[in-house]
Each structure stands twice: as C-alpha cells, then as structure tokens.
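# Structure at a glance
Letter by letter, the chains look like this.
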Amino acid sequence: MKMPLISLGILVGMTGVGCGGLEDAEAVDSSVPADLADATSQVTQGLITQVTGTSPVTYVATSGNATKPYDQSATSVVAYTRDSTTGAFTAYPGTGAADGTISVPNVPSGRIYLKLGSRYLVSTSRTFDLGSTEWGRDGTFVSLPTPVTVSATGLSPWQAGDYLEVYSLNPGAFGYVNSGVTGFPLAGATSLSGLSFNYADMRNPVRLDSGLGDVFSLAQMRWKTSANGVPYRAMHKVLDASVTLVEGQPVTVSGTFTQPVATGTFSVDWRRSAFDAMRTQVNPDAVSTYSEIWMSARPAALSTALASISGQPLLVKLNPDAQKTDLVTGSMTYNNPLPAAWQKVALATAGFTKSYALGTAAPYTMSVDIRVDQEASAFTAAPVQPLVGPVQAPLVNTRGAFQNLTGVGTDASLRWSKPLVGTATNYVVNIYRLGTSNGATTATRVTSLHTELQSVYLPPGVLQAGQTYFAEIQSWYQPGSDLATSPFKRALPRGRASVLTGMFSP
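Everything in this summary refers to the structure shown in the same document. It should be emphasised that the depicted structure is a prediction, and the values quoted were computed from it without experimental measurement.

## A closer look at the nonpolar core
Phe266, Val268, Trp270, Ile293, Met295, Leu318 and Phe379 are the most contacted members of the largest nonpolar core, which totals 56 residues. Considering each element in turn, this core owes the most residues, seven residues, to strand 26 (residues 343-356). With residues near it in sequence (within four places) discarded, Phe266 still touches Ile293, Met295, Val316, Gly330, Ser331, Met332, Tyr334, Ala346, Ala376, Phe379 and Thr380. Listed in part, the 32 residues of the second largest apolar core include Val78, Val122, Ala424 and Val456.

Below you can see the structure in the form of structure tokens.
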C-alpha cells in the first residue's frame, strides 16, 4: 500500500487538567485589529461539541481513479484544550475507525489541538478533512532486492550530462538510474547492453503488474542548451515495455527507444537571487546548497496532491550551475510522451542547510528549502520568485530562537512574526529531537503542528527532560486550502519557506 497519511512517529502524552478558562487566544500578532483578536480569543462557555473527521484517499491512475478510506483504527486520536490561566492541557480521548472516520466526543468549545498520531491540528474547527490525493493506483512497494536488466537500441548518442529516468504512470512509480548500476552507457553509446539496477532502490518502487495496465518506461533525459545559452535537461526518448515484477526475482526488459511525436517549449525568468537573499532569514548560519526548476505534466486532479511534482517523469529539469544569479533562459524545447490533456506544472526550489551537533559527535545536516509550485504557464508569464518568505523573529517562549537555549521547560511555546515577503495562509512547526548513534548526531521528528496563528504551545510529552531539540517553522502560502483542517490537501499556486531554530532543551 502507499505511504500512510498519518505518521505515527512517537506518540505524545495525554495528560494535563486545568480548572480555568479554555485557551483560545494563543498569540495574536499586534497588527491584527482588536475586534479580530477578540473574536479569536472568545470562548462560548458551557458549549460541548463533537470533533469529527473523514479520510478519503483518491488514487489517480491512468487505468481510472479510485477512492478508498484510510484506516484510522490504529491512529492515536486526542483533542486537547489549553487553560489560558494555568497553561495546563486537558485531554479528551477519541477514536479512529477502519472506515477512515475519527471522532472525539464531549469537547468544550474553543481552540483545540487535535492529535492524530504524532501530528497536531490547531484549530477552532470541529470538522476535519484528513483525506489526500495520491498519484498512481493503490499498490505495494518493492522492498527486497529486485534486479532489472535492460537491453535496448535507439538511444541518441550518449553524452555527458544525459541521465535515465524510470517511471510507470499507472502505479505512480518513479526513480533515477544513474548510480549503483552496471552497464551504464558510455559516451557515444546508442544502445543499452545489460544495464542492471535494483528496482527497490527507486524513489517510489511500486510493484509493476502488466495485468493492471502498468507499463515500464525508461526515458533518456538529454543535456541541451536553451535559446539564451542556458544548459538544461529535457525529455528526449522513451522505451516502453510491458513488465510484471515479482518481488525478489530478476526481470529482463528489452525494446527500442523512440522519440515522442509531441513537443513543447518552456521558458523562465528565474530570480535565483530573490531566493538566496532569504538565506539568513532561514537561519543566520544557513548555507545555500542548490537551485532547481522542474517542469512536467500531471492529471489535473493531482493539483491537490501533497506534491505537484513528486518525481519522474520530468519534461524539463533546470539546474545549470551553482550560481545564485538571475537567469532568463529563453526557449527550452522538449519531447512529450505524456497525455496531451494533462496539466503542465512547475516547481522552483532553493535548498539550504544548517548543522547541529551534540557534544563531540559528528554534526547532523538538516536540509530545508524555499519553494514555489504553480502551473507551468505562470512560470513563463512572470518572474519566478518566492511567493512567501520565512517567518521573522522566531522565539522559544520569549527568547530568540536562533541561539542555543536551555531551561525552556517541557511546556515551551514557539512564536514568530509574519514573513516579510508574501502572505502566509498557514504555518507548520516540526519539532526534531537530537541524539547520537555511532559517533554521529541524529535527528528524529517527534511532532508536527499545523496552525493559522503565529504561535504554538507544545502539548504534554512533546519535550522530554534531558533531551535536546530544534524546530523547523514553515510558512505556507496556499489560498483556498487550510492546512490546520485539511493537512494533506494542497492547491495551486502555493509557496513554502522554512526557518531553522537553534538547539533548545527543557
């Protein structure tokens, strides 16, 4: 089956009882009008409500779409309220069912922290859409080594910068074939002779079944130069074959690479400098790592999926160099084997890293990004630059979060100001616990909190005495979709930017 919607992670505590008024205000930005702030903090005394949710998962496949409920019977479901006077959380246990529904009875009115596994949805809503949209039919992953050997003719003469993509549209399988393989083509090669790779190493190794309409596709991505002299890679030729995989058993594929009849062009005015200018807002010690633009086509229904482009096949991949200067590419041409009716979408991303080390252990490098997802036509029509920037002035309790902190307490809060660029529609806070293993620092995500506010209080059990943590605070721009009530639904256009705090401990 596909990856679960709710990552169980480490289940956090359910204790905490307060006797004062229910917390609903959180931290309201000073720029919010007084009447809105009052509305945010208002609690209707004595009103008892029921929290409910549904979890329909829609699988978008070339053989036809299907919707099934995500089984919530093993999910820990708890609604928390917080007392604004004492700071104590009160837990209201709920249940999840195999039909995808969740229910928490007898919850007082006001803002709640709805715990689903290790995730919290911070909202005044009582109805939650926990469904998602997935690319590909509902299939199973290959985990055992499963060798695939390909012999094929029809390659265009192989050149430095070319690479191979594996994909199968119906199950949504994809991956690269560029490392850990034997028989990789040499410069000038026009055929593959015994190219062998482990299918389980693919990024999304869904088991292929020709009886269900699955087709194995291997694409030659060609190194090219745009009209303005900018290097890029483009979809060039594709080998299609009918393949059924048996996990753990080798399979042989043969055929001929052919050039798709359909072609297209794509061009961008890429403001890489606008992304890189936000580096120190991610963290004063952040390091810029990469910049990329991907363009492809997907069924329109996938515009609500977690990733507009989760992976291959790509029509254009643009990452010409390590510079941060702006680029106007001019026309980039590509061949298109994908259905003509599919929606062309594009993703621009700039990566950043920060290192964390416990004691003398080797550091752990955390990677985050600033990204933009839009229809490809929007990338061509206007400069490609961030839609939303990182949050400003992050705090742990009342202290600056970029410094390393001790004594924050197990009931700490995180607060921040609005981004300088764009308008955030939601925020997601990820809390990571640091540890060590074999002389190296490790990081484990212990919870995620989704909110429309500019602060979160950490519920019981998230922080443990004697442990060290850091937080990633994501700002999201996604009009028409509320991540605090529909955490797995996305919309186009959308933007995201991250901040990484320093280390902190209770």
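## Points about the pairing of strand 8 (residues 102-108)
Bridge analysis of strand 2 (residues 48-54) against strand 8 gives five bridges, and the strand direction is antiparallel. Across the sheet, residue Thr52 finds its bridge partner in strand 8, namely Ser103. Relative to strand 8, strand 7 (residues 95-96) is paired through two bridges, and the arrangement is antiparallel. When the sheet's bridge partners are listed, Thr95 is paired in strand 8 with Ser103. If you look at the hairpin formed by strand 7 and strand 8, you'll find five residues sitting between the two strands, and Gly100 has a positive phi there, around 90°.

## Here's the deal with unusual backbone geometry
Negative phi characterises most residues that are not glycine, and trans characterises most peptide bonds. Omega for the peptide link from Gln312 to Pro313 comes to 5°, which places this bond in the cis form. Secondary-structure assignment places Pro313 in the loop between strand 22 (287-298) and strand 23 (316-318). Here the amide bond leading from Leu492 into Pro493 is cis, since omega sits at -5°, within 30 degrees of zero. Within the fold, Pro493 resides in the loop between strand 34 (468-477) and strand 35 (494-500). Even without being a glycine, Asn106 presents a positive backbone phi close to 60°. By secondary structure assignment, the location of Asn106 is in strand 8. On the basis of relative accessibility, which here comes to 52%, the residue Asn106 falls in the exposed class. With a phi angle near 50°, Asn438 is a residue other than glycine that sits in the positive phi range. Mapping Asn438 onto the fold places it in the loop between strand 31 (426-437) and strand 32 (440-451).

The rules behind these values
Residues numbered from 1 in each chain as written. Predicted model: local features only at pLDDT ≥ 70, side-chain atom pairs only at ≥ 80, totals over all residues. Heavy atoms only, no water. Core = buried A, V, L, I, M, F, W, Y, C linked by side-chain atoms within 4.5 Å. Buried < 20%, exposed > 50% of the residue type's maximum accessible area, 1.4 Å probe, protein only. Helix = DSSP H or I, 4+ residues; strand = E, 2+ residues; numbered from the N terminus. Contact = heavy atoms within 4.5 Å. Pairing = 2+ DSSP bridges.

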